[in-house]
Amino acid sequence: SPAAILKQCRYMFQGEKYLLKRGDETVEEGTFTIDATKKPAEIDFKNGNANQIVPGIYAFDGETLKVSFATSGNDRPTEFKGGNGNAFIVLKLAR
């Protein structure tokens, strides 16, 4: 099930790079840029595997990162929810 697969995945952020890992396997890697001056704050992921930019928004409170991003070439989301061509994930970060 998709929920079981997600439980096996973890994002790793370092500098301007990110990795998406499932177990020991790297499934995706790329770079990201943020613009915290926008409301909501914006994040753009550039997938190194597919060389595409995925626009999104984010909120970070020091422990929890909420990200909503466009899927399938849709426009940047404006709120934190899925549907209408957007995906919404909440990531609990550990340092």
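Presented here is an overview of the structure given in this document. A quick note: this is a predicted structure, and the numbers were derived from the prediction, not measured.

What counts and what doesn't
- Just so you know, the residues in each chain are numbered from 1, in the order the chain's sequence is written.
- Thresholds applied to this predicted model are a pLDDT of at least 70 for local features of residues and 80 or more for the giving and counting of side-chain atom pairs; totals over whole chains, interfaces and linings are not thresholded and use all residues.
- With hydrogens and water set aside, each side-chain value is computed from the structure's full complement of heavy atoms.
- Using a 1 Å grid laid over the protein atoms alone, points where a 1.4 Å probe fits but cannot get out form a cavity; open sets with protein on both sides within 12 Å along at least 5 of 7 lines form a pocket; any residue with an atom within 4 Å of a point counts as lining.
- Grid points are joined across faces, edges and corners, and a volume is the space filled by probe spheres set on the points.
- Under the DSSP-based scheme used, a helix requires at least four consecutive residues in state H or I and a strand at least two consecutive residues in state E, with every element numbered from the N terminus.
- Nonpolar cores are built from buried Ala, Val, Leu, Ile, Met, Phe, Trp, Tyr and Cys residues. Side-chain atoms within 4.5 Å join them into one set.
- Only protein chains enter the accessibility calculation, which uses a 1.4 Å probe. A residue is then buried if its area is under 20% of the maximum for its type, exposed if over 50%, and partly exposed in between.
- Any two strands are treated as partners once DSSP identifies two or more bridges connecting them.

Attention now moves to the layout of surface pockets. Roughly 300 Å³ of internal volume is contained in the second largest pocket. Forming the boundary of the second largest pocket are 20 residues, of which Glu-28, Gln-52, Val-54, Phe-69 and Ala-70 lie nearest the centre. Broken down by secondary-structure element, the contributors of at least two residues to the lining of the second largest pocket are β1 (9–14), β2 (17–22), β4 (41–47), β5 (52–60), β6 (64–70) and β7 (86–92). Per-element tally for the lining of the second largest pocket: the top contributor is β5, with 4 residues.

What follows covers the nonpolar core. One recurring pattern in soluble globular proteins is that nonpolar side chains are buried together. Core analysis: the biggest nonpolar cluster contains 11 residues, these being Tyr-18, Phe-32, Ala-41, Ile-43, Phe-45, Val-54, Tyr-58, Leu-65, Val-67, Phe-69 and Ala-87. Elements that contribute at least two residues to this core include exactly β4, β5 and β6.

Moving on, we come to the pairing of strand β3 (residues 25–35). Regular strands show a simple pattern: their side chains alternate between the two faces of the sheet. Across 6 bridges, the pairing between β2 and β3 is antiparallel. Residue pairing in the sheet places Lys-17 in a bridge with Thr-31 of β3. If you look at the hairpin formed by β2 and β3, you'll find 2 residues sitting between the two strands, and Gly-23 has a positive phi there, around 65°. Here β3 pairs with β4 via 6 bridges, running antiparallel. In the sheet register, Ile-34 faces β4, and the bridge partner there is Ile-43.

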